[in-house]
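Coordinate inspection notes
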Amino acid sequence: MSLTLSIPFERYTQALVDTLTMVGASAAIALVAGIPLAVLLIVTAPGGFLAAPRLHRALGSVINGFRATPFIVLLVALIPFTRLVAGTTIGVWAAVVPLAISATPFFARIAEVSLREVDPGLIEAAQAMGCRKWHIVRHVYLPEALPGIVGGFTITLVALISSSAMAGAVGAGGLGDLAIRYGYQRFDTQVMLIVIAVLIALVSLVQWSGDHWVRRLRSR
């Protein structure tokens, strides 16, 4: 018995592509910006080799402020900035701006925790060997914390998938927009169920892939 779709299959595929685009672009920005932020938080903390308590507190306060703001509130508050950067406030690329700004501090804090768990003895040994500060970050901090960073990035990706669906409420496109416009507003249960199933499958795939890489990195 074949399943008759209430809307064309192409709408589902386009919505999935839009969601993957939003999540992929914002995740790349969060990765590139989040790791330097995490490193800066570590090295400027009291006891760090570039200790700067005032900078550390200021940076931590800004990050905490963004993390404490619900995504839907941040989405609306950033509308002027989104329009300035993307030239529009609707569509896939307009959604990337608030998604990236929301995900970056979230990922930075997770990466910071992983970096903080690096054995201080390794840092002291590297300093005793005369390693430069950049070499310590590159050859000690990041390699030792890599499994935790990959695990944290996996969590960030899952959170971005959820947030991208929420962004559909303001016309961002993607699976969330499809669920709201066709599933909720038109009372089409089939669309809602299909979108939920796709999101569950997407999250499961991301989580499985992340766990797989974490296990491989820890076994080395």
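As the structure is a prediction and not an experimental result, all values here were calculated from the model.

Counting its secondary structure elements, the protein chain contains nine helices and zero strands. The order of helices and strands in the protein chain, counted from the N terminus, is α-α-α-α-α-α-α-α-α. Its C-alpha atoms give the protein chain principal-axis dimensions of roughly 70 × 40 × 25 Å. When the 220 residues of the protein chain are sorted by exposure, 41% land in the buried category. Partitioning the contacts of the protein chain with sequence separation of at least 6, the portion at a separation of at least 24 is 71%. Within the protein chain, one finds 16 positive and 10 negative side-chain charges whose respective centroids are separated by 7 Å.

A separate point is the nonpolar core. Leu115, Ile136, Tyr141, Leu178, Val191 and Val195 are the most contacted members of the largest nonpolar core, which totals 46 residues. Elements with a contribution of two residues or more to this core: α1 (9-44), α3 (71-77), α5 (92-116), α6 (120-128), α7 (133-167), α8 (174-184) and α9 (189-219). Ranked by the residues each element gives to this core, the list is headed by α7, at 12 residues.

A separate point is the packing of α6 against α7. Relative to each other, α6 and α7 sit at 165°, their axes nearing to 11 Å. Classified by the angle their axes make, α6 and α7 are roughly antiparallel. Classified by chirality, the crossing of α7 by α6 is right-handed. Along the contact surface, α6 presents Leu122, Ile123, Ala126 and Gln127, while α7 presents Ile136, Val140, Tyr141 and Glu144. Its residues assigned to classes, the contact of α6 with α7 comprises six nonpolar, one polar and one charged.

Right, let's talk about a nonpolar patch on the surface for a bit. On the surface, a nonpolar cluster with roughly 230 Å² of combined accessible area is contributed by Ile72, Val73 and Met166. With respect to the element layout, Ile72 can be found in helix α3. Its relative accessible area of 36% is what places Ile72 among the partly exposed residues.

A few words on the packing of α1 against α7. A pair of packed helices can be characterised by two numbers: the angle between their axes and the separation between those axes. Remark: α1 packs on α7, axes separated minimally by 9 Å, with the N-to-C direction vectors making an angle of 140°. Both α1 and α7 take part in a crossing whose hand is right-handed. Residue-level contacts link Thr19, Met22, Val23, Ser26, Ala27, Leu31, Ile35, Val39, Ile42 and Val43 of α1 to Val137, Tyr141, Leu142, Ile149, Phe153, Leu157, Leu160, Ile161 and Ser164 of α7. For the contact of α1 with α7, the per-class residue count stands at 16 nonpolar, three polar and no charged.

Within the UniProt annotation, "transmembrane region" (unreviewed entry) is assigned to residues 20-43, 64-84, 90-108, 148-171 and 191-210. From the first C-alpha to the last, residues 90-108 spans 27 Å; its make-up is 89% helix and 0% strand. The distance separating the terminal C-alpha atoms of residues 191-210 is 29 Å; by composition the span is 100% helix and 0% strand.

So, how was this worked out
Residues numbered from 1 in each chain as written. Predicted model: local features only at pLDDT ≥ 70, side-chain atom pairs only at ≥ 80, totals over all residues. Heavy atoms only, no water. Helix = DSSP H or I, 4+ residues; strand = E, 2+ residues; numbered from the N terminus. Buried < 20%, exposed > 50% of the residue type's maximum accessible area, 1.4 Å probe, protein only. Contact = heavy atoms within 4.5 Å. Lys, Arg positive; Asp, Glu negative; His and termini not counted. Charge placed at Lys NZ, Arg CZ, Asp CG, Glu CD. Core = buried A, V, L, I, M, F, W, Y, C linked by side-chain atoms within 4.5 Å. Axes fitted to C-alpha atoms, helices over the stretch in contact; angles between N-to-C directions. Parallel < 35°, antiparallel > 145°, perpendicular 65-115°, else oblique. Left-handed = near helix turned anticlockwise from the far one by under 90°. Nonpolar A, V, L, I, M, F, W, Y, C, P; charged D, E, K, R; others polar. Patch = residues over 30% accessible without salt bridge, like charges linked within 9 Å, V, L, I, M, F, W, Y side chains within 5 Å. Areas by Shrake-Rupley, 256 points an atom, 1.4 Å probe, with all protein chains shown as cover. Salt bridge = Lys/Arg side-chain N within 4 Å of Asp/Glu carboxyl O. UniProt positions renumbered as here; feature names shortened; annotations may be inferred.

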